[in-house]
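Coordinate inspection notes
Take a look at the letters that make up each chain.
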Amino acid sequence: MKPADFRYRRPASVAEALRILDSEGPGAKLIAGGQSLGPMLNLRVVQPTTLIDISALAELRRAGVDGDELVLGACVTHADIEDGRAGAELGALLARIAGGIA
Amino acid sequence: MSQPRMSQGVGASVLRKEDDRLLRGRGQFVGDIRLADMHDVAFVRSPLAHARIRAIHIPPAHRDRVFIAEDLKRVQPIRAVSGLKGFKPSDQPILATGKVRHVGELLAMCVAPTRAEAEDIAAQVQVDFEELPAVHDMLAARRPDSALVHEEWGDNVFLEAFVDIGIENAFDAPVRITREIATARQCMAPIEGRGIVAHFDHRLDQLTLHSSTQMPHIVRNGLSECLAMDQGRVRIVAPDVGGGFGYKGILLPEEVCLGWLAMRCGRPLRWLEDRREHLSASANCREHHYRITAYADRDGRLRGIDCEATVDSGAYSSYPFSACLEAAQLVSILLGPYDFPAYRCRTYSVATNKCPVLPYRGVARTGVCFALELVLDAVAREIGVEPAELRNRNLVRPEQMPFDNITAKHFDSGDYPEALRRARANIDLAAIRQRQARGEPDGRRIGVGFSIYCEQAAHGTSVYAGWGVPMVPGHEQAQARLTLDGGLEIRVGVHSHGQGLETTLAQVAHEILGVDVGRIRVIHGDTAITPYSTGTWGSRCMVMVGGAVGTACRALAERCRVIGAHLLQAALSEVELASGRVFGPNGSVSVSDVARVWYRRPQDLPLSVDPGGLEVTAGYKPERDSGSFSYAAHAALVAVDTDLGEVDILDYVIVEDGGVLVNPMIVDGQIYGGFAQGLGTALFEEMRFDPAGQPLSTTLADYLLPGAAETPAPRLEHMETPAPYTMFGVKGIGEGGAIAPPAAIVNAINDALAGIGVEMSHSPVTPIDIVRAALDARPLRKAQAGE
């Protein structure tokens, strides 16, 4: 990796993440798995002043059915869905689709 | 798959020895090398395709960390001249001087403890340019009013070549079909890009350059010439290399830069190509244009081919293959596996403001096969004959073998019509025609396409001497050494980066000496410890190096026999070596026993023993070096959705003949991999440029490669016609899988769309191309329907 310099923050709660996002302004970027952002940072296509790593936020790993809505947290990975870690109520269809995502 | 002959020898599907480390993630690539005090290099590259350099501004604080052309005292440019008459050489500067001629050309190198810091410095280097009109289109480049890539030439043509073999005899043919056919510029896209680690060893007085290359000895030649160093002071190490495909068959200016700078700054240096550099700066391939006419009789007898072909060679002649290899090969192989009585071809190797081209797996053959096979289908449609039948009537027949075609290619052996017959039967052409007549319930259109080629492989001195490029292969050498404990070390100058040579060359040695494959180490990739070689290219390794390993092992076997006979107190004529033992009339000794005596108990050796001992370096060249000719027939069945432009490959059959296969499993893998690349050429891959010469496919989101979901498993069928001139009857086959798929798939698309008057004549055929062509064809269909 050879990104341009950035500050790195790893908040412990969604509330803290929102506070950082608010205080850092438009130069901040959120990173979860980094599948898209990682190569862009490496090629310096994006040069954020601050990277806010939300991968530690358990609140965002929740998945489940809420009424007639399926809610997938921002940190639920394709692998979580494929391997059933995101909960059985997601069903086989989503697991199969997630397995087809590279 | 053919039946294994021995458990480990020639013909056995031995599991790949190298996979133990590679599949466990323990491979050692350039990017894995960590030397103490190593710094990283980042390059300032040209953002423009064609411009004069007015000034380069280096921030004063970084002046000792940034190097430009005027710092490179006594460094020579890269010069790859062809001996072909009329070739215009280009000097490729190591760092740009005066002008930049393609986007990504090197302007300055910046060194820092990390790559990120080096990139920070590079971002602060400012260059003043005077932009010049870019030469971005190879056909426009030939016009007299075109801008000039190399002003001193007076035009943009590296080389124009011409051959006319009785074309006037074809002019009275009743069928004459002309097509313009083009193949896109591509990038070879191995998983690992280029990478270099350079350092100077003062004890050895030697520059060691670790490089991700297919040809370490050729890099050593070129590097020592550019740096004006004695060869002995230059060592090239190619560790594990993550795929080559031709992309790593070049001397890079980056290699010269790192070598020079490592000596100057006295510390190890590293540069690892990133994917943007890979896609936009280093080298591309495959961009051909054909204006091709086929002459035929009404009964399908082919009478001649007349062609004008243009190859976009990019800005510089790359080392060692030169800017003309692609077109020189094109003109010599355009007639494919057919028996044509007349031929004319003019080729232009054109300079443009794009990065240089390199020969990609299949070299010109993929484009040639595409052009010829598409025009043959057009002929078949014109005269109303089944395309496979048209081919069958014109292929060189087995009873003509060995066959010299009118361009003096010597087809060594094989049964081309049989390969086609099997492909036709296997894909079940008759059933497909019935299914087409019924139509598809989902409204898609299905089509079948064939293509067939023969592939000259391991062509040697007689071919390359004629082209006069900086690298002419001669004899290939290998060293075989029995160790004290009865193991065997094989040293070869080629490099294995996916071919499985660490396994297959061990199988060759096992075939002769009987040493267990697990105890044979194939050592490659280091100029300090391997025999000289032009490297891995042209499907040459199993023919050339397999032959060299076989020759060295046979010599070693003879020495074992002499010592063994003495130990057995038998006459030499009474003993023979088999399965790793020397057998005499009254007993046997193992090759290990022989080795133990040579190393530990020389007092027991015969007085007449060969003092060369148990290590032999031997050379090899086939009886004829004009190349072995493997061949294959491909058949594709596709379904085309003209509303969405989607092409679905329903079935794909490959019938190939690679002569005797040393390891059928590895050959299957080669064919699968080549097929995936051929599929990329057919449907996905294209380096696009805008009129200013800016590459537009600079990430893998823009440059589409086929993935697992897009790549069906082809069905393989093997034939085996032993090559008459090579050891064991092997033929080179590494490139073949990538040659025929574009032609077979696009012929299948054209077969599917013939009913609506659509014919594709370029690669890749993308969904938008199909949708547009189908829409354009609509008025025609309405008119035909009388609406």
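Residues numbered from 1 in each chain as written. Chains lettered and ligands numbered in written order. Predicted model: local features only at pLDDT ≥ 70, side-chain atom pairs only at ≥ 80, totals over all residues. Heavy atoms only, no water.

**A closer look at helix H2 (residues 115–124) of chain B**
Rule in force here: Working definition: with a 1.4 Å probe on protein chains only, accessible area under 20% of the residue-type maximum means buried, over 50% means exposed, and in between means partly exposed. What counts as a helix is a DSSP run of H or I of at least four residues, what counts as a strand is a run of E of at least two, and both are numbered from the N terminus. Note on contacts: a residue pair is in contact if any heavy atoms of the two residues lie within 4.5 Å.
All buried positions along H2(B) are accounted for by Arg115(B), Ala116(B), Ala118(B), Glu119(B), Ile121(B) and Ala122(B). The secondary structure elements touched by the buried residues of H2(B) are strand E1 (39–45), strand E3 (66–68), strand E7 (106–112), strand E14 (269–272) and helix H5 (275–282) of chain B.

**Considering the confidence of the model for chain B**
Note the cut-off: Every residue carries a pLDDT, the predictor's confidence in it, which falls somewhere between 0 and 100.
Here chain B averages 96 in pLDDT, and 98% of its residues register 70 or above. The low-confidence segment residues 1–5 of chain B (pLDDT under 50) makes 13 contacts with residues lying over four places distant or belonging to another chain.

**Considerations on the pairing of strand E28 (residues 628–641) of chain B**
All names here are of chain B. So the rule is basically this: When DSSP finds at least two bridges between two strands, those strands are taken to pair.
Counting buried residues along E28, 14 of its 14 residues qualify, which places the element largely inside the surrounding structure. As defined by bridge partners, strand E20 (residues 445–457) adjoins E28 across 13 bridges and the pair is classed as antiparallel. Pairing of Ile452 across the sheet is with Ala633, part of E28. One ladder, built from 11 bridges, connects E28 with strand E29 (residues 646–657); its direction is antiparallel. Across the sheet, residue Val638 finds its bridge partner in E29, namely Ile649. Where E28 hands over to E29, the hairpin turn is made up of 4 residues, of which Gly645 adopts a positive phi near 80°.

**Considerations on the sheet that holds strand E23 (residues 520–523) of chain B**
All names here are of chain B. To keep things clear, this is the line we draw: Angles run from 0 to 180 degrees between N-to-C directions of axes, and those axes are lines fitted to C-alpha atoms, restricted for helices to the stretch in contact.
Here we have 4 strands laid out as an open sheet, ordered E23-E22-E21-E27, and mixed in their pairing. With partners counted over all chains shown, the strands left at the sheet margins are E23 and strand E27 (615–620), one partner each. Neighbouring strand axes in the sheet, compared pairwise and without regard to direction, differ in orientation by 20° on average. Bridge count for strand E22 (residues 488–492) against E23 is 4 bridges, and the pairing is parallel. Each residue of the ladder has a partner; that of Leu488, found in E23, is Ile520. Contacts from helix H13 (residues 541–567) reach strand E21 (476–482), E22 and E27 within the one sheet, and its direction differs from that of E27 by about 140°.

**Some remarks on the environment of Tyr532(B)**
Residues and elements named next belong to chain B. Using the following cut-off: Under the rule applied, a polar contact is a pair of N or O atoms within 3.5 Å (in protein, one hydrogen donor and one hydrogen acceptor; residues adjacent in sequence only if both atoms are side-chain atoms).
Within the secondary structure layout, Tyr532 lies in the loop between E23 and H13. A residue is classified by how much of its surface remains accessible, and Tyr532, at 42% relative accessible area, is partly exposed. Separated by 138 residues in the primary sequence, Tyr532 and Gln670 place their C-alpha atoms 26 Å from one another. With sequence-adjacent residues up to four places away left out, Tyr532 is seen in contact with His217, Ile218, Asn221 and Gln477. Within the structure, Tyr532 has its side chain in polar contact with the side chain of Asn221 (distance 3.0 Å).

**Considering unusual backbone geometry**
Residues and elements named next belong to chain B. For the peptide bond that leads from Tyr319 to Pro320, omega is 10°, which places it in the cis range. On the secondary structure map, Pro320 appears in the loop between strand E16 (302–312) and helix H6 (325–333). In this chain, Met401 is followed by Pro402 through a cis amide linkage whose omega measures -10°. Residue placement: Pro402 occurs in the loop between helix H8 (387–394) and strand E18 (403–404). The backbone phi angle of Ala189 is positive, close to 55°, even though this residue is not glycine. For Ala189, a relative accessible area of 16% puts it in the buried group.

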